[in-house]
Every structure is written in C-alpha cells, then in structure tokens.
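Observations on the model geometry
Residues per chain, in single letters:
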Amino acid sequence: MIVLAIDTSNQPMTIALMKEEQLLAEYTTDIKKNHSVQLMPAINQLLADCKMTPQDLDLIAVGHGPGSFTGVRIGLTTAKTLAWSLSIPIVAVSSLEVLSYNGVFFNGLVCPFFDARRGQVYTGLYQAEGFEKMVPVKDEVNVLMSDWLEVLRATEESVLFISSQASIHKEKIEEVLGEKAVFSSLPVHLPSAGMLASIALTKEPTSLHELTPNYLRLAEAEAKWLESQKGHQQSE
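Below is a summary of the structure that appears in this document. Here the structure is a predicted model, which is why all the values come from computation and not from measurement.

**Description of the side chain of asparagine 10**
Structurally, the position occupied by asparagine 10 is in the loop between strand 1 (2-7) and strand 2 (13-19). Looking at asparagine 10, its side chain comes within polar contact range of the side chain of serine 9, at 3.3 Å. Not counting chain neighbours up to four residues away, the residues in contact with asparagine 10 comprise His35, Pro66, Gly67, Ser68 and Phe114.

Here it is in structure tokens:
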C-alpha cells in the first residue's frame, strides 16, 4: 500500500509518501506562497525522489480542513483529481485531527487550532489514548477564542496548545488559563503529512463525489448572500 498524503488547508503545506506504514519522504513548508503554485511541483519532486510515478499510488489521503478556504479547496481539488484519474480510493481527515497527533505523548488535553481572524479560531479538544491514538473530547468548532478559553477554564487538566499561529493568541490564553496552558518550545506546531497518511490507513475511504471541504463556517460571500436573501424575503 503506497499512500500520497496532502494537506494545504492552512499556510503550512505538507505532503508525504508512505509505503506499507513506513514513511518514505515528507516535504513541509511554512511560507507565504500560493499553494496552487507549489503543490504539484512538490508532488512531482517527491515522486521522483522516491523513484515512483502516480501509477504506483494506491491511496490518496487529504486534510480537508478547516482552515483557509482557498487552501482547503486547492488541496482537496488536487487530491480528488488524482484519486479520480488514477481510480484509487481517497480518505479525508480533519486537519485539526492531524495536528492534534503532534501532542500524542502529552499527558493532558491537546488543543490544536488555526486562526480564523477577528478573534476567532477553528479548534477542537483531543486526548491521547495509549499514546497511539488521539480521541476527540470536544467537537471541532469555529468560535471566538475568548469564548473557547472559558470552556477550557472549566477543565481540570493541563492543555497543550498546538498552532503555527499560537503567538497571536498566546498572551490571552495564558491570561485566562495561567499554568494550565502549555506551549512547546519544540517545532511541533506544523502539521505532518506523514502523520496524515498514517491516520488515513485507520479510516474507511471517503466517497469521492460526496467529499466536500470541512469549512466549519460559511464563506463570507455566501453568508452575505444568504443574509441578503433573508432580507429580501422579509420585505416581500
């Protein structure tokens, strides 16, 4: 089983090749560069470095959000196109779940999050089960960080925060949670496509044509359109 894993749901881009549960290669960047420009060349280089072609692939794994609407669409569209053209299965995994595995050895709660602007975050709460699996403690949400911290304040355990954008909210987190808030000084804040591939092997394939982005909220343009339609109906 050879798996190509792709996650471009946020600024970090990560791709990996796994063969029989062994990670062959992984490429991760965290730079402000359009994923539509760098993703396919990176995949081509990854395959070439491993002396493989697309026809060698048996499964596509993709992080389907939440995150940047554009980033999610780029990764998902690329993954679905590859799966369809190669006639191989695809597995979609929450990008938050993938990031949570960076805390699999933490003895407490793990809170991965992505900044969603205007004081909001995409987040969830996980806990390790046997240092091999992350299980959800609370469902993923799009929420004001201030409201989310009030939820976490009620917990008795320490909380490990994992995010490449942790600095945006770190001061507020420490103000509310104090010593319960944990931030690693190690580079565990970036998602790993190798981990994504490993998680995908434990899940059932996703229906290709039913696979949609995990946005957690409406796009701003869509929200405005729905609001305008609501106002239009009320005026009739």
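**Here we look at the packing of aromatic side chains**
As enumerated under the stated definition, the model contains four aromatic pairs in all. Ring geometry for phenylalanine 69 and tyrosine 215: centres 4.3 Å apart, planes at 10 degrees, overall stacked. Taken as a pair, phenylalanine 69 in helix 2 (residues 69-86) and tyrosine 215 in the loop between helix 6 (193-200) and helix 7 (220-235) lie far apart in primary sequence, 146 residues in all. For phenylalanine 69, a relative accessible area of 13% corresponds to the buried category. Its relative accessible area of 18% is what places tyrosine 215 among the buried residues. An aromatic cluster of at least three residues, connected via ring pairs, comprises Phe113, Phe161 and Phe183.

**So, the packing of helix 4 (residues 145-153) against helix 5 (residues 166-177)**
Helix-helix packing is characterised by the crossing angle of the two axes and by the distance between the axes. Where helix 4 contacts helix 5, the two axes come as close as 10 Å, and the packing angle between them is 35 degrees. Helix 4 and helix 5 meet at a crossing whose hand is right-handed. Contact residues: helix 4 offers Met145, Leu149, Glu150, Leu152 and Arg153, while helix 5 offers His169, Lys172, Ile173, Val176 and Leu177. Along the lines of polarity and charge, the residues of the contact of helix 4 with helix 5 split into six nonpolar, one polar and three charged.

**Topic: the sheet that holds strand 8 (residues 133-144)**
Here five strands make up an open sheet; going across it, the order is 8-7-6-9-10 and the pairing mixed. Each end of this open sheet is capped by a strand with a single partner; those strands are strand 8 and strand 10 (181-182). Of the pairings in the sheet, the one linking strand 7 (residues 120-129) to strand 8 comprises nine bridges and is antiparallel in character. Bridge pairing links alanine 128 to methionine 134 in strand 8.

**What to know about unusual backbone geometry**
The residue after glycine 65, namely proline 66, is reached through a cis peptide bond having omega 10 degrees. Position of proline 66 relative to the elements: it lies in the loop between strand 4 (59-63) and helix 2. Phi at glutamate 21 is positive, roughly 65 degrees, even though this residue is not glycine. On the secondary structure map, glutamate 21 appears in the loop between strand 2 and strand 3 (22-29). Look at arginine 117: it is not a glycine, yet its phi comes out positive at around 70 degrees. Under the relative-accessibility criterion, arginine 117 is labelled exposed at 66%.

**Concerning the pattern of salt bridges**
Per the counting criterion, the structure on display carries three salt bridges. Here lysine 203 and glutamate 97 are joined by a salt bridge, their closest N and O atoms 3.5 Å apart. Here lysine 203 is found in the loop between helix 6 and helix 7, whereas its partner glutamate 97 is found in helix 3 (residues 95-100), with 106 residues between them in sequence. A salt bridge links glutamate 175 to lysine 172, with the shortest nitrogen-to-oxygen separation between them at 3.8 Å. Of the two residues, glutamate 175 and lysine 172 are both situated in helix 5; the distance of three residues between them amounts to about one turn of the helix. Classification of lysine 172 by relative accessible area gives partly exposed; the value is 36%.

**Description of helix 5**
Look at helix 5: only 14 Å from first C-alpha to last across 12 residues, short of the 16 Å you get at 1.5 Å a residue. The set of residues buried in helix 5 consists of Ala166, His169, Ile173, Val176 and Leu177. Seen end-on, helix 5 carries its buried residues on one side only, within an arc spanning 95 degrees. Summarising the geometry of helix 5, the exposed residues directed more than 90 degrees from the buried face are Ser167, Glu171 and Glu175. Tucked inside the fold, the buried residues of helix 5 contact strand 6 (109-117), strand 7, helix 4, strand 9 (159-162) and strand 10. Two residues or fewer after helix 5 comes glycine 178, characterised by a positive phi angle close to 60 degrees.

The rules behind these values
One numbering rule holds for all chains: residues counted from 1, following each sequence as written. Totals for whole chains, interfaces and linings use every residue, but because this is a predicted model, local features are given only for residues with pLDDT of at least 70 and side-chain atom pairs only at 80 or more, for both listing and counting. Hydrogens and water molecules were not included; the side-chain quantities draw on all heavy atoms of the structure. Only runs of H or I of at least four residues qualify as helices and only runs of E of at least two qualify as strands under DSSP, and these elements are numbered from the N terminus. Identification of polar contacts relies on pairs of N or O atoms within 3.5 Å, with a donor-acceptor requirement for protein atoms, meaning one able to donate a hydrogen and the other able to accept it, and with residues adjacent in sequence counted only if both atoms are side-chain atoms. Note on contacts: a residue pair qualifies if any of its non-hydrogen atoms lie within 4.5 Å across the two residues. Two rings from Phe, Tyr or Trp (for Trp, the six-membered ring) form a pair when their centres are within 6.5 Å of each other. A pair whose planes differ by under 30 degrees is stacked, one over 60 is edge-to-face, and the rest are tilted. The classification of residues rests on relative accessible area computed with a 1.4 Å probe and restricted to protein chains. Under 20% of the type maximum is buried, over 50% is exposed, and intermediate values are partly exposed. Angles shown run from 0 to 180 degrees and are taken between the N-to-C directions of axes, each axis being a line fitted to C-alpha atoms and, for helices, limited to the stretch in contact. For a crossing to be left-handed, the near helix must be turned anticlockwise from the far one by less than a right angle; the clockwise case is right-handed. Basically, the charged four are Asp, Glu, Lys and Arg, the nonpolar ten are Ala, Val, Leu, Ile, Met, Phe, Trp, Tyr, Cys and Pro, and anything else, Gly included, counts as polar. Criterion used throughout: strands pair if DSSP finds at least two bridges between them. One speaks of a salt bridge when a side-chain nitrogen belonging to Lys or Arg is within 4 Å of a carboxyl oxygen belonging to Asp or Glu. Each helix should span, by expectation, one fewer than its residue count multiplied by 1.5 Å. Directions pointing from the helix axis toward each C-beta atom define the arc.

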